[in-house]
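# Report on the structure
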Amino acid sequence: MLKFKCGMGQVADEAGLLRRVHAALPDVRLRADANARWTLPEALDFCERVAELPLEYVEDPLAHAHPDSLKLITARTGVRFGLDDSACFCQSHSADAIE
C-alpha cells in the first residue's frame, strides 16, 4: 500500500504523479492524503483526474469538510474519502448526512 501525500502542489501535477506511480506499480494499493488543504473545487478536480485509478480513498480532502461537500465528491467522481483530521468537524453534523 502506498499513501500519497498531496495538497502541497498543483492539483494537476499531483494527479499526474499519482497516475504515473500507478502505471509503474499497478499492483500496489493506492491512497491519497490531502491533509485538509483543498477547497471543494480543488478536491473535485483531483478526484476527477484520478477517478479511473484503483484508489482506495482520499483522506481529508477538504480544509472545511462539510458532510454535503464530501457526499458531492463521491457522487460526482466515485472516489471515496476517509476522515482523520476532519472527523472533529463532521462530528458536529448529523451522522445521516455523512452516510
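Read on for an overview of the structure.

Rules used throughout
Residues numbered from 1 in each chain as written. Predicted model: local features only at pLDDT ≥ 70, side-chain atom pairs only at ≥ 80, totals over all residues. Heavy atoms only, no water. Phe/Tyr/Trp six-rings, centres within 6.5 Å; stacked < 30°, edge-to-face > 60°. Buried < 20%, exposed > 50% of the residue type's maximum accessible area, 1.4 Å probe, protein only. Axes fitted to C-alpha atoms, helices over the stretch in contact; angles between N-to-C directions. Helix = DSSP H or I, 4+ residues; strand = E, 2+ residues; numbered from the N terminus. Parallel < 35°, antiparallel > 145°, perpendicular 65-115°, else oblique. Left-handed = near helix turned anticlockwise from the far one by under 90°. Contact = heavy atoms within 4.5 Å.

Tallying each qualifying case throughout the model produces 1 aromatic pair. With a centroid separation of 4.7 Å and an interplanar angle of 35°, the aromatic rings of tryptophan 38 and phenylalanine 46 are classed as tilted. The pair tryptophan 38 / phenylalanine 46 is uniform in exposure class, with both members buried.

As a further point, take the packing of helix H1 (residues 11–24) against helix H2 (residues 40–50). In helix packing, the relevant descriptors are the interaxial angle and the interaxial distance, both defined with respect to the helix axes. Where H1 contacts H2, the axes come no closer than 9 Å and their chain directions differ by 25°. Comparing their axes, H2 and H1 come out roughly parallel. Along this stretch, H1 crosses H2, giving a crossing that reads as right-handed. When H1 is examined against H2, the residues Val11, Ala12, Glu14, Ala15, Leu18 and Arg19 are found in contact with a partner set consisting of Glu42, Asp45, Phe46, Arg49 and Val50.

Read these as geometric descriptors, not functional statements.
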